Amino acid sequence: MPMKIAIASGKGGTGKTTIAANLAHLFSQQGRKVTYLDCDVEAPNGHIFLKPQLTEHSPATTLIPQIDLGRCIHCGKCGRICQFNALLCLPEKVVTFPEMCHACGACLLVCPAEAITEIPREIGSIDQGMAGSIIFARGLLNIGEVMSPPLIRALKSKAEEGEVTIVDAPPGTSCPVIESIRDCDYVVLVTEPTPFGLNDLELAVEVVRALDLSFGVVVNRAGLNDQPMLDFCTEQNILVLAQLPDDRRVAEAYSRGQLICEALPDFKARFFSLMAAMETAILGRQIKSSERSNP
Amino acid sequence: MKIAITAQNPSPENQVDPHFGRAAWLMIYDQEKNEWESIDNSAGVNAARGAGIQAAQKVVDHKAEALITGAIGPNAFKSLSAAGVKIYHGATGTVEDALQAYLEGQLREATTNDAKGGV
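Residues numbered from 1 in each chain as written. Chains lettered and ligands numbered in written order. Predicted model: local features only at pLDDT ≥ 70, side-chain atom pairs only at ≥ 80, totals over all residues. Heavy atoms only, no water.

Q: What exactly am I supposed to notice about the overall build of chain B here?
A: Within chain B, the secondary structure is distributed over 4 helices and 6 strands. Its helices and strands taken in sequence order, chain B reads β-β-β-α-α-β-α-β-α-β from the N to the C terminus. Against the 2.2 N^0.38 benchmark of 14 Å for 119 residues, chain B shows a C-alpha radius of gyration of 12 Å, consistent with a compact globule. Dimensions along the principal axes, computed over C-alpha positions, put chain B at roughly 35 × 25 × 25 Å. A buried classification covers 49% of the 119 residues belonging to chain B. Intrachain contacts of chain B at a sequence separation of at least 6 include 51% that bridge at least 24 residues. Surface summary for chain B: the accessible area is close to 5600 Å², and the carbon and sulfur share equals 46%. Across chain B, the centroid of the 10 positively charged side chains sits 12 Å from that of the 14 negatively charged ones. (Helix = DSSP H or I, 4+ residues; strand = E, 2+ residues; numbered from the N terminus. Rg over C-alpha atoms; globule rule 2.2 N^0.38 Å. Buried < 20%, exposed > 50% of the residue type's maximum accessible area, 1.4 Å probe, protein only. Contact = heavy atoms within 4.5 Å. Areas by Shrake-Rupley, 256 points an atom, 1.4 Å probe, with all protein chains shown as cover. Lys, Arg positive; Asp, Glu negative; His and termini not counted. Charge placed at Lys NZ, Arg CZ, Asp CG, Glu CD.)

Dropping the structure here:
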């Protein structure tokens, strides 16, 4: 059964991409067809470690309203319905703010004069290619752009999924993260044993639980002061998939753009046990849900 | 003519709010009637984004032809300029002080270059 695994975190810089790239590489080495999706579109950096040959470049767009002032009757309905302040209705004109628009289409629906049409607006681009046998795709949001979910959506629908699809999610707990992880079979929350790491993990756990997603935690840079983090996971009945020790050699390999599992054989073993723990959890969930549908 | 002034509280004796989009209140002064009207802008204070556009809509809906505030952002500037509202920034002190300063020609009219937001 194909697996779609999101690597997410609350806090930034905990090691999402490091884990995601290493997992993609090791799953691929097992002979499985792997897709790696870099959904961290504001700062995609998975390519540094997977070193793909990017062969396809395409623009990603979102829809914005275009007002035909010849037809507009200046009723103000579009401005009132818009929840994002993307339309300003003045007595004799309508001003649009494309960067505020979420492309919900409500303005189109309420316009009684059929004065609104939707036109595409470029917000970023999608690059695709191969990293060895891994299907690699990444989104890149244009500078100054804030509307990343439509780009993430386009990226996810464009790339061909593998037996294993690794979704490298952006940090945080807001819309871009939700867009990245919502349809995944499993979420790996990468955290670090610091007060910030724990605080943001708590928020991330709330998000995945609200989305009813199966998940586990990887404690990266373990060995600093892990107990509060582990206590939280025990209290909340959260599976700790792996504790990757804080190790200068990891930082050195990372800074050279190397995959940790290749540079450090002892870490390769740790990644294998992480993969095994993850697959057991995913399989358990799949069995449970099939029992529920076929009692 | 009507003049809009951003305020921290709904009274002309109170301080000018240095923000436009996220000002707590908009005070509208009607020159002909010599009357004040106060408009709650808490929606703007709490808006995630687009506060300036929302506040501009209020200024336009109340038919004010000039706005006096501390500082103005790019979207608010674009909105008010499109509506033909003149924007005067750098106002301080009470709302009445700001109105006086405007009437005496002491306030500068904002240009695109000033509309960077922030205070």
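Still more to cover.
Q: Explain the side chain of Lys11 of chain A to me, please; I cannot follow it from the model alone.
A: All names here are of chain A. Its place among the elements puts Lys11 in the loop between strand 1 (3-8) and helix 1 (16-29). One polar contact links Lys11 to Glu192, side chain to side chain, over a distance of 3.4 Å. When sequence neighbours within four positions are dropped, the list of residues in contact with Lys11 reads Lys16, Pro171, Glu192, Phe196, Gly197 and Asp200. (Polar contact = N/O pair within 3.5 Å; in protein donor to acceptor, adjacent residues only side chain to side chain.)

Q: Even after reading the chapter, I still don't get the pattern of salt bridges, so can you show me in this structure?
A: Side chains that differ in charge, positive against negative, can pair when their charged atoms come close. Residues and elements named next belong to chain A. Evaluation of the coordinates by the stated rule reveals 16 salt bridges over all chains. Arg71 is paired through a salt bridge with Asp68; the nearest N and O atoms lie 3.9 Å apart. According to the relative accessible area criterion, Arg71 is partly exposed, its value standing at 45%. (Salt bridge = Lys/Arg side-chain N within 4 Å of Asp/Glu carboxyl O.)

Q: Would you mind showing me how to read the domain arrangement of chain A here?
A: By a widely used convention, the size of an interface equals the accessible area lost when the partners come together. Segmenting chain A into domains produces domain 1 (3-60 + 127-293) and domain 2 (69-114). Computed from C-alpha atoms alone, the centre-to-centre distance between domain 1 of chain A and domain 2 of chain A is 39 Å. (Domains from an automatic or database assignment.)

Q: Looking at this structure, I do not really get the confidence of the model for chain B. What am I missing?
A: Low pLDDT means the predicted atomic positions in that stretch should not be read closely. Averaged over all residues, the pLDDT of chain B is 91; the fraction at 70 or higher stands at 97%. Across the interfaces of the predicted complex, the ipTM metric reaches 0.82, alongside a pTM of 0.81. (pLDDT = per-residue confidence, 0-100.)

Q: Explanation requested: the sheet that holds strand 3 (residues 35-40) of chain B in the structure shown.
A: Strand pairing in a sheet relies on backbone hydrogen bonds. The paired strands run either parallel or antiparallel. All names here are of chain B. Spatially, 6 strands are ordered 3-2-1-4-5-6 in an open sheet, and the strand pairing comes out mixed. Strands at the two margins of the open sheet, each flanked by one partner only, are strand 3 and strand 6 (108-109). By the bridge criterion, 2 bridges tie strand 5 (residues 86-89) to strand 6 in an arrangement that is antiparallel. Bridging from a neighbouring strand, Tyr88 pairs with Glu109 of strand 6. Where helix 2 (residues 51-61) meets the sheet, it contacts strand 1 (2-7), strand 2 (25-30), strand 3 and strand 4 (66-68), and its direction lies at approximately 20° from that of strand 2. (Pairing = 2+ DSSP bridges. Axes fitted to C-alpha atoms, helices over the stretch in contact; angles between N-to-C directions.)

Q: I tried to follow the interface of chain B and chain A on my own but got confused; where do I start?
A: Counting residues at the interface gives 12 residues for chain B and 15 residues for chain A. Approximately 1100 Å² of surface area, both sides summed, lies buried where chain B meets chain A, with 59% of it carried by carbon and sulfur atoms. For the pair chain B and chain A, the number of links is 0 salt bridges. Linking chain B with chain A are 6 residue pairs in polar contact (both at pLDDT 80 or more), by the criterion used here. Only helix 2 and helix 3 (74-82) of chain B provide two or more residues apiece to the side of chain B that touches chain A. Among the elements that line the side of chain B that touches chain A, the one with the most residues is helix 2 of chain B, at 5 residues. Counted by class, the side of chain B that touches chain A contains 5 nonpolar, 5 polar and 2 charged residues. (Buried area = accessible area lost by both parts, 1.4 Å probe. Nonpolar A, V, L, I, M, F, W, Y, C, P; charged D, E, K, R; others polar.)

Q: Could you clarify how one ought to interpret the pairing of strand 7 (residues 134-141) of chain A in this entry?
A: Across a regular strand the side chains alternate sides, sitting on one face of the sheet and then on the other. Residues and elements named next belong to chain A. Within strand 7, 7 of the 8 residues are buried, leaving the element largely enclosed by the surrounding structure. Here strand 2 (residues 34-38) pairs with strand 7 via 4 bridges, running parallel. In the strand pairing of strand 7, Asp38 is matched with Arg138. Bridge analysis of strand 6 (residues 116-131) against strand 7 gives 8 bridges, and the strand direction is antiparallel. Bridge pairing in strand 7 places Ile126 opposite Gly139. In sequence, strand 6 turns back onto strand 7 through a hairpin of 2 residues, with Gly132 there showing a positive phi of about 65°.

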